[in-house]
Amino acid sequence: MDTRVDDYIAGLPEWQQDICREVRRLVHEADPDVEETIKFTNRPYFVLDGNVCALLGTKDHVNVMLYDKAIVPDPHNIITSGHGNKTARMISVYRDQPINAPALVEMFRHIIANNRRRRSAGARR
């Protein structure tokens, strides 16, 4: 755990802290090797062989950016924006909105697997 991520989360309203802590827990559940860092001055990123996701607290929701290059399936329709975006898609989570934890963990695992395949393919060149 990165204390700078703790600091970012602590600076949010309590309901956003709860969302961020849950997403943080889920990304580490997806793979315990996920590392935490801060990019773009203060934004929490979760990385493993590339970006997996990032958090951004906004006025009325938390954005979970998924760095999946728009290739990870979304059979549970949890993606709220960025459909077709070539870098990242987003899940906007609002106050009192439940997170579909199994679907999110599945997406994180898929992103991590893709990151590992890309890294592995790059290493063979």
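Rules used in this analysis
Residues numbered from 1 in each chain as written. Predicted model: local features only at pLDDT ≥ 70, side-chain atom pairs only at ≥ 80, totals over all residues. Heavy atoms only, no water. Helix = DSSP H or I, 4+ residues; strand = E, 2+ residues; numbered from the N terminus. Rg over C-alpha atoms; globule rule 2.2 N^0.38 Å. Buried < 20%, exposed > 50% of the residue type's maximum accessible area, 1.4 Å probe, protein only. Contact = heavy atoms within 4.5 Å. Salt bridge = Lys/Arg side-chain N within 4 Å of Asp/Glu carboxyl O. UniProt positions renumbered as here; feature names shortened; annotations may be inferred.

K.L.:
So what exactly am I meant to see when it comes to the overall build of the protein here?
P.N.:
Counting secondary structure elements, the protein contains three helices and five strands. The helix and strand sequence of the protein, counted from the amino end, reads α-α-β-β-β-β-β-α. A compact globule built from 125 residues would reach a C-alpha radius of gyration of about 14 Å, and the protein, at 14 Å, matches this within 12%. With respect to the principal axes defined by its C-alpha atoms, the protein has extents near 45 × 30 × 25 Å. Sorting the 125 residues of the protein into buried and exposed places 45% on the buried side. By sequence separation, contacts in the protein at least 24 residues apart represent 53% of the contacts at least 6 residues apart.

K.L.:
Would you explain the pattern of salt bridges in this entry?
P.N.:
If the charged atoms of two oppositely charged side chains come close together, the side chains can form a pair. Under the definition given, this model contains ten salt bridges. Note that Arg25 is salt-bridged to Glu29, the shortest N-O span being 2.9 Å. Of this pair, Arg25 and Glu29 are both found in helix H2 (residues 14-30), four residues apart, which corresponds to roughly one turn of the helix. Connected via shared salt-bridge partners are Asp31, Asp49, Arg116 and Arg119.

K.L.:
Help me understand the UniProt feature "domain: YdhG-like" (unreviewed entry) in the protein, please; the structure alone is not making it clear to me.
P.N.:
UniProt feature "domain: YdhG-like" (unreviewed entry): in the numbering of this structure it lies at residues 16-111. Across residues 16-111, the secondary structure splits into 27% helix and 30% strand, with the terminal C-alpha atoms separated by 24 Å.

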